[in-house]
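Read off the chains here:
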Amino acid sequence: MIRPATIVLVAAAAIAVVAPFFLKPFGIYLISMWAVLTVAAIGLNLTIGYAGQVSLAQGAFVGIGAYTVALMTQAGWPYPLAFVAAGALCFAVGWILGYPALRVQHHYLAFVTLAFTSLVFLVLRNEEWLTGGTHGINGIARPVFFGWSTGKPLDFYFFSVGTLTVLSGAMWRMLRSPWGRAFVALRENPVRALSLGVDTRRYTLMAFAIGSSLGGLAGALYAPLVQFIEPGSFALGLSFNLLLMVIVGGSGYFFGPFVGALVAVLLPEWTRIAQGYYLLIYAALVMLMMAVCPSGLLGLAARAAKALARRQLPALRAEGAGR
Amino acid sequence: MTSFVQLLVSGLATGAIYALIAVGFTLVWKTSQTINFAQGEFVMLPAFFVLAAMDAGAPFWLAAAIGIALSVVILGLLFKVAIVDPMLKYGVLPLVISTIALSLFLKEGAKDFYSALGQPFPALVPATDIRVLGTVVSAQSLAVLAVALVTIAALHVLLNKTRLGRAMQATAQNPTLARILGIPVQRMILLTFLINGALVAIASILVSPIYLAKFTNGETLGMAAFIAAIIGGFNEVRGAIFGGIILGVLDNLSAAYISSQYRGAFPLLILVAVILVRPHGLLGRAEERTI
């Protein structure tokens, strides 16, 4: 039997492939940005939705990844190497940051990561010899793979979406491995997980580091997409936005980040009539949703589906598929 | 030496403002477990209430009173009733997210409905220097320091010397026991929100002449309040005062003597160091850890 969730998923994939052919370059840019932000949000969802820790550092990791790629490719390194380096560097930084920071939890972790984001911003702004300071880095080239240039918007879109597909596929598999199940156990009942022999601190750290490295990979896509980076793009605002994306989509739902990033990218365009007020409307909607349904849009969808069909949509909930 | 004293006095003045903000933040946190990520925006906003009242023709003292009153109603009462109460049942995280959204909302609101430009804000005293103990210090810093200290002293008396204050402290420390003792817990919690509304308004009136009234002011002020609260000890009002003053002084001195480019970094490094070494703050007590 085909589940409704599968139909939605296939339809969404079809739209993702076909839609860009009907869009103007700016539209293609927007959906490419959606793919890039989704990668970062998937990483953050691992930290929040699975390991249960609020991080406000994801924007900083996107920044570290973006600067790594921009600097390495301009120094003549091939893009794939820079891409891997961005992920690896953020994994390492995430591990080093998380090691002491995860001793404290909950709101303290939010504040430590907040401080980290501000520090990264200061370094990017002040170390002009490396980062170009407030002028940023201009003219970042889009990569060429075996003669396929991603210079045109459409090509770059398919490169971004392809990367998103590969990375989310890897995440899907990981969450089904014994490892991934430990992450879910962390969220559902940390005390029980601990008593069953899951080294909770180590797994929390691992989730944080993997989440951070996905932030770095998103940055590695962001730099060639926008082709211009400056410190302001990776300040606290981005971290807040990524956090809101994860929550709006539905934290802990595998497809939550996809939905949340879509809302964050498209809402400003849809509410264009409202002009400057869209952030105001967005903020009001987030507050409203937190009051009505803190589990996000997918939580709302799951609730609606449950009410309609009196049964759950297990496929939407990542840990439910194996039951 | 002269400049050191000047820096110290202006640092104390900034620190006293941070202390006001941090005390409000800690009070609300202690009684209702609300981590208010919009606290910085709460300080940014009342200045615009005052400016709006002055645009309508009110003299400064009346506008300031109106600003404080509006702040108590909107940032105290309305915040609690409309945002905190409906969400407390979901636990801490949704409320954190909601206050982050609220900070965005207030910031955008001030920008869209008042102005995106920094607005000059009347100072309490004219910008003159006066000689104290052989050195020159700015009258404005002293005035700020005086108002902030009086406010903190009044709050201290309220919290520690009155029955009402003791009831509030009992509510913060152990709500269940407080309820058994017949303390109207809900009313006490509401009261801390109202006090926070007044404190942020006073802080706003003190800080806006220095930084101009601007919609982005909340970012740095909010961060300073969190850091002060954590340095001093999240669960201690006294700690928040101490943390705020330390932060203001260190901020000014390090900017002058070490590096102004990395001015913003020192408080953050102190924060990280305190969280790692003494997570319960310099004056706070260790709480039982929840896993």
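Further up the page is the structure itself.
Residues numbered from 1 in each chain as written. Chains lettered and ligands numbered in written order. Predicted model: local features only at pLDDT ≥ 70, side-chain atom pairs only at ≥ 80, totals over all residues.

**Description of the overall build of chain B**
Argument step 1. Across its full length, chain B holds 11 helices and 2 strands.
Argument step 2. In chain B, the order of α-helices and β-strands from amino to carboxyl end is α-α-α-α-β-β-α-α-α-α-α-α-α.
Argument step 3. A globule of 291 residues ought to have a C-alpha radius of gyration of about 19 Å, and chain B, at 19 Å, matches this closely.
Argument step 4. Its C-alpha atoms give chain B principal-axis dimensions of roughly 55 × 50 × 35 Å.
Argument step 5. Considering chain B as a whole, with its 291 residues, one finds that 53% of them fall into the buried category.
Argument step 6. Here the contacts in chain B between residues at least 6 apart in sequence split such that 74% fall between residues at least 24 apart. (Helix = DSSP H or I, 4+ residues; strand = E, 2+ residues; numbered from the N terminus. Rg over C-alpha atoms; globule rule 2.2 N^0.38 Å. Buried ≥ 20, exposed ≤ 12 C-beta atoms within 10 Å, placed from the backbone. Contact = placed C-beta atoms within 7 Å.)

**Regarding the overall build of chain A**
Argument step 1. Along its length, chain A carries 14 helices and 2 strands.
Argument step 2. For chain A, the C-alpha radius of gyration of 19 Å lies close to 20 Å, the compact-globule estimate for 323 residues.
Argument step 3. Considering only C-alpha atoms, chain A reaches an extent of 55 × 50 × 45 Å along its principal axes.
Argument step 4. With 323 residues in all, chain A has 49% of them scored as buried.
Argument step 5. Sequence separation of at least 24 residues holds for 75% of the intrachain contacts in chain A that already meet a minimum separation of 6.

**Quick look at the environment of Gly76 of chain A**
Argument step 1. Mapping Gly76 of chain A onto the fold places it in the loop between α3 (58–74) and α4 (79–101).
Argument step 2. A C-alpha to C-alpha distance of 43 Å links Gly76 of chain A and Val286 of chain A, two positions 210 residues apart in sequence.

**As for unusual backbone geometry**
Generally, phi is negative for residues other than glycine and the peptide bonds are trans, each holding for most cases.
Argument step 1. Backbone geometry places Phe146 of chain A, a non-glycine residue, at a positive phi of 45 degrees.
Argument step 2. The phi torsion at Gln33 of chain B lies on the positive side, around 55 degrees, for a residue other than glycine.
Argument step 3. Inspection of the secondary structure puts Gln33 of chain B in the loop between α1 (2–32) and α2 (39–55).
Argument step 4. For Gln33 of chain B, a count of 14 C-beta atoms within 10 Å gives the class partly exposed.

**Some points on the interface of chain B and chain A**
Argument step 1. The partner chain A presents 31 residues to the 32 residues of chain B that form the contact.
Argument step 2. The set of elements that each furnish at least two residues to the side of chain B that touches chain A consists of α3 (60–87), α4 (92–113), α9 (217–232) and α11 (265–277) of chain B.
Argument step 3. Per element, the largest residue contribution to the side of chain B that touches chain A is 14 residues, and it comes from α4 of chain B.
Argument step 4. Partitioned by chemical class, the residues of the side of chain B that touches chain A number 26 nonpolar, 4 polar and 2 charged. (Nonpolar A, V, L, I, M, F, W, Y, C, P; charged D, E, K, R; others polar.)

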